[in-house]
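# Results of the structural survey
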Amino acid sequence: MGVETTAVLTEMDTPIGYAIGNSLEIIESLECIKGKGPSDLENITCAQGAVLLCGARIAKTQEEGEEMIRKTFQDGSALDMFLKILKNQGVKRETLESLRRGDYDKVFAKPKYVENITSKTSGVIEAVNALALGKATVLLGGGRQLPGDEIEPAAGIKLFRTKGDKVQEGDILAEVHHDGRLSTALRARIDEAFTIGTSSKPFKRVLAVVKAGQDTEDYEVYRKRS
């Protein structure tokens, strides 16, 4: 049909960034467009944004498009545009200023409880099970099990360590934000989502940008920037 198609292949076994849950993810996204977010979140955002810029003929190459997106994070124009969108949707000025300054406690509800998950051993984090942590967040109230369930915006999991990080026994792996739903069994499930061993392999979030119609050897591969 003549439709130009591009796919961004990514590693999704590991949570993107360090935040899981409604408010936590919004805060992390704001920090990202301020140029202060986790590198893997920034890289995947730039890669996907660059595909759109190339498709619209605004950028000539994937690399140029990624740098254009990254520049908007660094010079503040991405944040300015996002706040402008919020303003046009009726968000109050004081809320916009709080988001700009990073005064997130003035905008987002605080969790009733914050509990740490700590490492039981020393080593290297070989895997972080994104699906397991996502399901745990649902059980904390961060998602719906039934259509009528209410969402607890403050519920979620904030990672302190992720795949490839070295840890010592007793190090904090994650914070669990909840309203009282963290049972012993659920705490164990969150703890088991972290696999700690001795293998240290490079972690690549963006594996490849694949353009339809190109031979395999011409695929553009973008590896995670350290």
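What you see as residue numbers is a count from 1 along each chain, following the sequence as written. Note on the predicted model: pLDDT of at least 70 is required for a residue's local features to be given, and 80 or more for side-chain atom pairs to be given and counted; whole-chain, interface and lining totals, by contrast, use all residues. To obtain the side-chain values, all non-hydrogen atoms of the structure were included, while hydrogens and water were left out.

Sheet architecture is open: 3 strands sit in the order β6-β4-β8, paired in antiparallel fashion. Each edge of the open sheet is held by one strand with a lone partner, namely β6 (166–167) and β8 (194–197). A pair of strands is considered paired only if DSSP assigns at least 2 bridges between the two. Helix and strand labels come from DSSP, where a helix needs a run of H or I of at least four residues and a strand needs a run of E of at least two; each type is numbered from the N terminus. With 2 bridges joining them, strand β4 (residues 123–128) and β6 adopt antiparallel strand pairing. Opposite glycine 123, over in β6, you have valine 167 as the bridge partner.

It is worth spelling out the pairing of β4 at this point. Sheet topology note: the β4/β8 ladder contains 4 bridges and is antiparallel. By the bridge assignment for β8, alanine 127 is matched with threonine 195.

With that settled, consider the pattern of salt bridges. In what follows, salt bridge is the name for a side-chain nitrogen of Lys or Arg lying within 4 Å of a carboxyl oxygen of Asp or Glu. All told, the structure shown has 12 salt bridges when counted by the stated rule. Across the pair glutamate 42 and arginine 70 runs a salt bridge whose closest N-O atoms are separated by 2.7 Å. Within this pair, whereas glutamate 42 is found in helix α2 (residues 39–55), its partner arginine 70 is found in helix α3 (residues 62–75), the two being separated by 28 residues in sequence. Think of it in three bands: residues with accessible area under 20% of the maximum for their type are buried, residues over 50% are exposed, and the middle band is partly exposed, with areas taken using a 1.4 Å probe on protein chains only. The exposure class assigned to arginine 70 is buried, which follows from its relative accessible area of 7%. Through salt bridges with shared partners, a single network forms among Glu11, Asp40, Lys163 and Arg205.

Expected span of a helix, by definition, is 1.5 Å for each gap between consecutive residues, and there is one gap fewer than residues. Counted at 1.5 Å a residue, the expected span for helix α4 (residues 77–88) with its 12 residues is 16 Å, and the 16 Å between its end C-alpha atoms agrees. Where α4 is buried, its residues meet α1 (22–33), α3 and α5 (93–101). Downstream of α4 by one or two residues, glycine 90 has phi in the positive range, about 95°. Every residue pair with non-hydrogen atoms within 4.5 Å of one another is taken to be in contact.

Our next topic: the environment of glycine 76. Structurally, glycine 76 is set in the loop between α3 and α4. Its relative accessible area of 21% is what places glycine 76 among the partly exposed residues. When the C-alpha positions of glycine 76 and glycine 35 are compared, they lie 8.2 Å apart, and in sequence the two are 41 residues distant.

Helix length check: α1 (12 residues) gives 17 Å between terminal C-alpha atoms against 16 Å at 1.5 Å per residue, within 8%. Burial in α1 covers these residues: Ser23, Leu24, Glu28, Leu30, Cys32 and Ile33. Positioned one or two residues after α1, glycine 35 has a phi angle of 80°, which is positive.

Located in the positive-phi region is arginine 57, a residue other than glycine, with phi close to 65°. Relative to the helices and strands, arginine 57 is located in the loop between α2 and α3.

Buried Ala, Val, Leu, Ile, Met, Phe, Trp, Tyr and Cys residues form a nonpolar core when they are joined through side-chain atoms within 4.5 Å. With 21 residues, the main nonpolar core has Leu30, Ile33, Phe73, Leu83 and Leu99 as its most contacted residues. For this core, the secondary structure elements donating two or more residues are α1, α2, α3, α4 and α5. When residues in this core are grouped by element, the largest group, 6 residues, is from α2. Discounting residues that sit within four places of it in the chain, isoleucine 33 has contacts with Thr72, Phe73, Ala78, Leu79 and Phe82.

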